[in-house]
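For reference, the chains in residue letters:
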Amino acid sequence: MENLIGSNEDNEEYEGDGESEEGNPEYEEDDESQESDPQYEEDDDSQDSDPEYEEDEDHVDDIMDVDNNIQDVDMDMGDFTLNVDASRSNPEFDWFIRTLNQTHTCLQTRKLRACTASFISKKIFDQVEANLDIPLRAIQVHFQKTYQVGISMDKVFRAKDKARKHITGDYTKSYDLLRDYVIELQATNPDTTVKIDVCSEPNPDSPTRKGPFPGQVLSAVGLDSNNGIYLLAYGIVESENTESWKWFLENLGDDLDLGRNSNFTFISDRQKGLQSAVDQLFHNAEHRYCIRHIHDNMRKRWRQTEYRDHLWRCASATTIPEFEHLMKEFSQYDKEACEWLKQIPPTHWARSHFSGRAVFDVLISNMCEVFNGKIDKGRDKPVIGCLEYIREYLMKRICNVMKEMKKTKGPLKPTTTDILAVRKKVASQYIARWNGGDMYQVTGAL
């Protein structure tokens, strides 16, 4: 026999040169022909045989057509049998597979070692890119239905993390590329102010950014001519404290040419360190407190809606006598709650005590709350991904505002036009009489 494929115990292929396999100690000469196998026909040549290879349906059956150099092999792989038909035109050439029967007769298993986290991450890349918050359970069920493969939640987590890193970038490497990002940002966005400062000692205060390198996003938000939010500056710091706010406000003052005596008005929810930072940097600035956050602190002791109503009536009063009258009513309702409120100076929260330097009567800091809600999905990204998420949001918002401005009819902006229309309707109920000078007497009833 010219060629021989050995038993499946070592699954190795032996190729002969037309002589008996004398060089292999596992083979011994045998004068008898393979009469025990009906598929073999009589042959005068002696046939080498494997003493360990007995006639058994579970072992490999070697069938050879010497004339056509065709080999039929039933390979016993333990749990299943793999049928292969191979041929070659010359003993010196390689074998070519003619037929491969891959039909499995074994029981199916859902645990495959080849289904690694790297393999899964490639398959779920598009899903994760479309939705970074896709649940792990959804990925697990998808693989079970699509590929009939069972995978653990731990493997799904590692696969999703690999896919996310390819999409958003690596957290550690983002910091290595931060200075290159700043250079590119300033080159493509002229007049953009970007500053980087390194702090060697981390602060233990609670951060709000997510991910393995958390931090705090600080922002300064104003109102545009259409009464919409307009972001002036934003920054990422290690935590919310006095030093972080001083660094942020100093950079904001340098960029906007704010001096120490500037008459600007700040409104906040009394964040940690912000009040002391404003007092140190801007002595003449007016600092207002968000009335909604004051109410949140009041609710810890007085949860009834009546306390909220009294607070809002006092804060909305436009004159000092009206304010004092409403505070007296509040004291009659609950003296202890009124005394608690008096501990907060009314110049910070009551409209009647505002300086009037800023033509701005807003009592809440919902401008910052709106902005924080818009960037929430970018908080868990690496630092460059987070900054890019904020930049792209601002770019889209500015473009949308510009489109709305172009639709305006008249000299005023859309929001201002709507407010003026309401005021004109109310003003029609009043009568104005000229006093002979530069003023008018207005009479009427609300």
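Just so you know, these numbers come straight off a predicted model, no measurement behind them.

Caption draft 1: Main features of the overall build of the chain. Secondary structure summary: the chain contains 15 helices and twelve strands in total. Counting all 446 residues of the chain, 31% fall into the buried class. The contacts of the chain with a sequence gap of at least 6 include a subset with a gap of at least 24, amounting to 50%.

Caption draft 2: Quick look at the nonpolar core. Among the nonpolar cores identified, the biggest contains 23 residues, and I294, L341 and W349 are the most heavily contacted of them. At the level of elements, α9 (291–299), α10 (305–316), α11 (320–333) and α12 (335–342) are the ones that each hand at least two residues to this core. Excluding anything up to four places from it in sequence, I294 contacts R270, Y289, L311, W340, L341, I344 and W349.

Caption draft 3: A look at the packing of helix α7 (residues 242–256) against helix α8 (residues 274–281). Following both chains from N to C, one finds α7 and α8 inclined at 45°, their axes separated by 8 Å at the closest point. Judged on the interaxial angle alone, α8 and α7 are oblique. You can see that α7 and α8 cross each other, and the crossing is right-handed. Here T242, W245, K246, L249 and E250 of α7 lie close against α8, whose contacting residues are L274, S276, A277, V278, Q280 and L281.

Caption draft 4: Just the pairing of strand β11 (residues 431–434), in detail. As paired strands, β11 and strand β12 (residues 440–443) are joined by four bridges and run antiparallel to one another. Within β12, the position partnered with A432 by the bridge is V442. Between β11 and β12, which follow one another and run antiparallel, lie five residues, and G436 among them has a positive phi close to 90°.

Caption draft 5: Helix α4 (residues 153–168), seen in detail. Between its first and last C-alpha, α4 extends 22 Å over 16 residues, near the 22 Å set by a 1.5 Å rise per residue. Taken as a whole, α4 has its buried residues at K155, V156, A159, K160, A163, R164 and T168. For α4, the elements touching its buried residues are α1 (117–123), α2 (125–130), α3 (136–147) and α5 (171–176). Positive phi shows up at G169, right after α4, with a value of about 100°.

Caption draft 6: Region of the structure containing the side chain of D334. Within the fold, D334 resides in the loop between α11 and α12. No salt bridge forms around the buried D334; measuring N to O, its nearest opposite-charge neighbour R301 is 7.8 Å away. For D334, the side chain forms a polar contact with the main-chain nitrogen of A337, separated by 3.2 Å.

Caption draft 7: Structural detail: the packing of aromatic side chains. Under the definition given, this model contains nine aromatic pairs. Between F371 and Y393, the aromatic rings sit 6.5 Å apart at their centres with planes inclined by 45°, giving tilted as the arrangement. Taken together, the residues span a long stretch of sequence, with F371 in helix α13 (residues 366–374) and Y393 in helix α14 (residues 383–406) at a distance of 22 residues. Classification of Y393 by relative accessible area gives buried; the value is 15%. One aromatic cluster in this structure is built from W302, Y307, F330, Y333 and W340. Sitting above the plane of the F354 ring, R288 keeps its charged end 3.9 Å from the centroid.

Caption draft 8: Local environment of the confidence of the model for the chain. Mean pLDDT over the chain works out to 77, with 76% of the residues at or above the 70 mark. Across residues 1–68 the pLDDT falls below 50, and counting only partners more than four positions away or on other chains, this stretch makes 89 contacts in the model. Scored below 50 in pLDDT, residues 203–207 makes eleven contacts in the model with residues more than four places away or belonging to other chains.

Definitions and limits used
- Residues numbered from 1 in each chain as written.
- Predicted model: local features only at pLDDT ≥ 70, side-chain atom pairs only at ≥ 80, totals over all residues.
- Heavy atoms only, no water.
- Helix = DSSP H or I, 4+ residues; strand = E, 2+ residues; numbered from the N terminus.
- Buried < 20%, exposed > 50% of the residue type's maximum accessible area, 1.4 Å probe, protein only.
- Contact = heavy atoms within 4.5 Å.
- Core = buried A, V, L, I, M, F, W, Y, C linked by side-chain atoms within 4.5 Å.
- Axes fitted to C-alpha atoms, helices over the stretch in contact; angles between N-to-C directions.
- Parallel < 35°, antiparallel > 145°, perpendicular 65-115°, else oblique.
- Left-handed = near helix turned anticlockwise from the far one by under 90°.
- Pairing = 2+ DSSP bridges.
- Expected span 1.5 Å × (residues − 1).
- Lys, Arg positive; Asp, Glu negative; His and termini not counted.
- Salt bridge = Lys/Arg side-chain N within 4 Å of Asp/Glu carboxyl O.
- Polar contact = N/O pair within 3.5 Å; in protein donor to acceptor, adjacent residues only side chain to side chain.
- Phe/Tyr/Trp six-rings, centres within 6.5 Å; stacked < 30°, edge-to-face > 60°.
- Lys NZ or Arg CZ within 6 Å of the ring centre and 35° of its normal.
- pLDDT = per-residue confidence, 0-100.

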